[in-house]
Amino acid sequence: MNPALKKYLKIILPILLGVFLIWYSLSKVPLSQLLDYFKNANYFYITLGMFFGLLSHLSRSYRWLFQLEPMGYKVRFANSFMAVFSAYLINYTIPRAGEVARASILTTYEGVPFEKGFGSIVAERFADLIMLLVIIGITLFLQFDYIVAFFIERFNPKNLLIYLLLAILLLGVFIFYIRKSKTGFGYKIKNFVKGLAEGALSIFKMKKKWAFLFHTVFIWSMYVLMFYTTSFSVEALNGITLGAILIGFISATFSIAATNGGIGSYPIAIYAAFSIFAIPEAPSIAFGWIIWTSQTLLIILFGGLSLLYLPIFNRNKVPHQMDSKD
């Protein structure tokens, strides 16, 4: 495929998917009904959810300093914070462009080489992936009986067993193929797994590894708490179970990768997850739009201010590096 065409498709396809999913959600819940949910929402809980979201972003900005310090760079927290929020905002335009911008900001204002800043962001993503896997594991443990009962109710148990065995067989064949493969695809998979392991182990080699681990757990705890707290803003969801919250949270988290910032996909992902628990579609989709809108406004506000204030804050800044620079 033409590289230029591939580049444009990466930008255009998520936008088109987001537009389609917005249309789909509005076909499920009319705009007038959706606006009623916004009008009748409890904004105390929405604000509280935004506060927890802000805490997670503050913690992420502070955690980044632990990764940069061993490389010899003493970065000011304000620049780290503004770089993180700028990245979030930029990701709403071009997928994954925010990570590049985030590393570039530190290069410009703190003298951190781009490859080192970007490498620290990649390592950070490994830690976040591990936390997401932990949350998925906890959810499966807490809701195992319910999930199994849900699938048994809708599918023949014998067929489920066949599908499970087939999936295990295919996974085994895939792993065997990757281990023996000498193709470019095989090397990519092996390098990804190797990088994942190295990224995870590098955390334990960090000087402030326990502080890093604490902030990692704190960030994801705030994410879940933000999701759970905001659910109280929709009266129809009062009394929702922890299992539904966790599955909805996981589904919504994955949806962010589907479209720019989860636009359109976020409410649909929550609706799909909540439907497992027989929660009506209208409050599910409305809740999805409420939490997505509130968190997006938070990012637009702080991200926009960060992009504007960065050059002002650093107008007299001379990049400072510690003597222990590698």
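First, a word on what this report is: a plain description of the structure on this page.

Procedures and definitions
- Residues numbered from 1 in each chain as written.
- Predicted model: local features only at pLDDT ≥ 70, side-chain atom pairs only at ≥ 80, totals over all residues.
- Heavy atoms only, no water.
- Helix = DSSP H or I, 4+ residues; strand = E, 2+ residues; numbered from the N terminus.
- Contact = heavy atoms within 4.5 Å.
- Buried < 20%, exposed > 50% of the residue type's maximum accessible area, 1.4 Å probe, protein only.
- 1 Å grid on protein atoms, 1.4 Å probe; cavity = no way out; pocket = protein on both sides within 12 Å on 5 of 7 lines; lining within 4 Å.
- Points joined across faces, edges and corners; volume = space filled by probe spheres on them.
- Nonpolar A, V, L, I, M, F, W, Y, C, P; charged D, E, K, R; others polar.
- Patch = residues over 30% accessible without salt bridge, like charges linked within 9 Å, V, L, I, M, F, W, Y side chains within 5 Å.
- Areas by Shrake-Rupley, 256 points an atom, 1.4 Å probe, with all protein chains shown as cover.
- Salt bridge = Lys/Arg side-chain N within 4 Å of Asp/Glu carboxyl O.
- Phe/Tyr/Trp six-rings, centres within 6.5 Å; stacked < 30°, edge-to-face > 60°.
- Axes fitted to C-alpha atoms, helices over the stretch in contact; angles between N-to-C directions.
- Parallel < 35°, antiparallel > 145°, perpendicular 65-115°, else oblique.
- Left-handed = near helix turned anticlockwise from the far one by under 90°.

This part takes up the side chain of His 215. The residue His 215 is located in helix H10 (residues 209-231) in this model. The contact partners of His 215, leaving out residues within four places of it in the chain, are Ser 59, Tyr 62, Arg 63 and Phe 66.

Right, let's talk about helix H12 (residues 265-275) for a bit. Counting buried positions along H12 yields nine of 11 residues, so the element is predominantly enclosed. Residues of H12 that are buried: Ser 265, Tyr 266, Pro 267, Ile 268, Ala 269, Ile 270, Tyr 271, Ala 273 and Phe 274.

Before going further, it helps to examine empty space enclosed by the protein. Under the criterion given, the structure shown has one cavity of 30 Å³ or more. Taken as a whole, the largest cavity spans an internal volume of roughly 40 Å³. In terms of lining, the largest cavity is formed by Phe 66, Glu 69, Pro 70, Met 206, Lys 207 and Lys 208. For the lining of the largest cavity, a count of residues per class yields three nonpolar, no polar and three charged.

Together, Ile 130, Val 134, Ile 138, Phe 141, Leu 142 and Leu 242 give the surface a local cluster of nonpolar side chains, amounting to about 580 Å² of exposed area. By residue number, the principal contributor to the nonpolar patch is helix H6 (residues 114-142), which donates five residues. With respect to the helices and strands, the residue Leu 142 is situated in helix H6. Judged by its relative accessible area of 45%, Leu 142 falls in the partly exposed class.

Counting across every chain of the model gives 22 aromatic pairs. Note on Tyr 62 and Phe 77: the rings are 6.1 Å apart at their centroids and 65° apart in plane angle, and the pair reads as edge-to-face. Here Tyr 62 is found in helix H3 (residues 43-68), whereas its partner Phe 77 is found in helix H4 (residues 77-90), with 15 residues between them in sequence. For Tyr 62, a relative accessible area of 39% corresponds to the partly exposed category. You can call Phe 77 partly exposed: its relative accessible area is 33%.

Our focus in this paragraph is unusual backbone geometry. The residue Ala 278 is not glycine, and still its phi comes out positive at about 60°. Accessibility expressed as a relative area gives 67% for Ala 278, which makes it exposed.

By the secondary structure assignment, Arg 102 is in helix H5 (residues 97-110). Apart from the residues lying within four places of it in its own chain, the contact partners of Arg 102 are Trp 64, Ala 83, Val 84, Ala 87, Ile 121, Glu 124 and Arg 125.

Side chains that differ in charge, positive against negative, can pair when their charged atoms come close. Under the definition given, this model contains 10 salt bridges. Residue Arg 60 pairs with Asp 128 through a salt bridge whose shortest N-O separation is 2.8 Å. Within this pair, whereas Arg 60 is found in helix H3, its partner Asp 128 is found in helix H6, the two being separated by 68 residues in sequence. Both residues of the pair, Arg 60 and Asp 128, count as buried. Beyond isolated ion pairs, a larger network of salt bridges with shared partners links Arg 60, Arg 63, Glu 99, Arg 102, Glu 124, Arg 125 and Asp 128.

This next bit is on the layout of surface pockets. Space inside the largest pocket adds up to approximately 1400 Å³. Around the largest pocket sit 44 residues that line it, and Arg 96, Glu 99, Arg 125, Thr 253 and Ile 256 are the ones nearest its centre. For the lining of the largest pocket, the elements supplying multiple residues, two or more each, are helix H1 (3-28), H3, H4, H5, H6, H10, helix H11 (242-255) and helix H13 (281-313). Ranked by the residues each element gives to the lining of the largest pocket, the list is headed by H6, at eight residues. Looking at the lining of the largest pocket, its residues break down into 27 nonpolar, 10 polar and seven charged.

One can describe the packing of H3 onto H13 by two numbers: an axis separation of 10 Å at closest approach and a directional angle of 50°. The pairing of H3 with H13 is recorded here as oblique in orientation. In this structure, H3 crosses over H13, and the sense of that crossing is right-handed. For the pair H3 and H13, contact is made by Ile 46, Gly 49, Met 50, Gly 53, Leu 54 and His 57 and by Ile 290, Ser 294, Gln 295, Leu 298 and Phe 302, respectively. Its residues assigned to classes, the contact of H3 with H13 shows six nonpolar, five polar and no charged.

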